[in-house]
Amino acid sequence: MPDGEPTLDVNLGREISLLKHVGIPIAVITNASLLWREEVKEDLLVADFVSLKIDAVSIDLWRRINRPHKDLKLDTILDGVKQFAKSFEGILVSETMLIDSVNYEDELERIANFLEGLVKLDKAYIAIPTRPPAEMWVKPVKEETLNVAFQTFSKTLGSNKVEFLIGYEGNAFAFTGNVKEDLLSITAVHPMREEAVAELLKKANANWQIIDELLHNGELVRLEYEGNTYYMRKLIKDSSF
């Protein structure tokens, strides 16, 4: 039984083939640990959308966060990801989950550089745990760390390729005229610089009082990064954490 990781299913290739035969688009979300195996690579190459988990590229941090099987080797896994990206013709995204009580100094830049080296990557998602974790010490990172991660990834990959995946839903980029909902939707996907917020308010013929209210109500947070001010949607603190 695959037990949540699709590439553990020996029938995965056959299942994808049967579903493709009836015209159903195939998305596969994998931890990428077996992509170095040729049969797994071949199974996933025919999918339409593949999401790969890249939480760390340094071995000590990888072991702490992902708790891999003793026979797995990080270099082999990362090389498998690179080789897959060279051949895959569908939509390829990555997901990097950030957790609190972990020192990400320099690691975020290393992850971004690894992702930049992939021949194909359509989107790099930055995520937090949104469900009860296996270990009680695991908590979502603070908004400040999420913002640093977004800025670091954006410098390397381009901001158009980086988005948050933090449990919010909504039409993140549409201008609806409801400036409050537009702001909360956009800042749930990526932080907004103060100048961009001001431009959105101007477009909606609204004033800064809306921002003050969102800050006061705890729906929005103000962050500083490299001399610029950003606004981001406040993370919802799940009671399970």
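Before going into details, it helps to say that this report is about the structure given with it. Please read these numbers as outputs of a predicted model, since none were measured by experiment.

1. Concerning the sheet that holds strand β1 (residues 27-30)
Then step 1. Read across the sheet, five strands follow the order β1-β2-β3-β4-β5 without closing on themselves; strand pairing throughout is parallel. The open sheet terminates on both sides in strands that have one partner only, identified here as β1 and β5 (162-165). Put simply, the sheet's adjacent strands are angled 20° from each other on average, direction ignored.

2. What to know about the nonpolar core
Then step 1. Residues Y104, L115, I126, L146 and F153 are the most contacted members of the largest nonpolar core, which totals 54 residues.
Then step 2. No other element matches helix α4 (residues 74-87), which puts six residues into this core.
Then step 3. If near-sequence neighbours (up to four positions away) are discounted, Y104 is found in contact with L61, I65, M97, L98, I99 and V141.

3. Digging into helix α9 (residues 209-216)
Then step 1. For α9, the complete set of buried residues consists of I210, I211 and L214. Buried residues of α9 fall within an arc of 100° about the axis and therefore sit on the same side.
Then step 2. Those residues of α9 hidden inside the fold are in contact with α7 (179-189), α8 (194-203), β7 (220-225) and β8 (228-233).
Then step 3. Looking one or two residues past α9, G218 carries a phi angle of roughly 75°, positive in sign.

Cut-off values and rules
Residues numbered from 1 in each chain as written. Predicted model: local features only at pLDDT ≥ 70, side-chain atom pairs only at ≥ 80, totals over all residues. Heavy atoms only, no water. Pairing = 2+ DSSP bridges. Helix = DSSP H or I, 4+ residues; strand = E, 2+ residues; numbered from the N terminus. Axes fitted to C-alpha atoms, helices over the stretch in contact; angles between N-to-C directions. Core = buried A, V, L, I, M, F, W, Y, C linked by side-chain atoms within 4.5 Å. Buried < 20%, exposed > 50% of the residue type's maximum accessible area, 1.4 Å probe, protein only. Contact = heavy atoms within 4.5 Å. Arc of directions from axis to C-beta.

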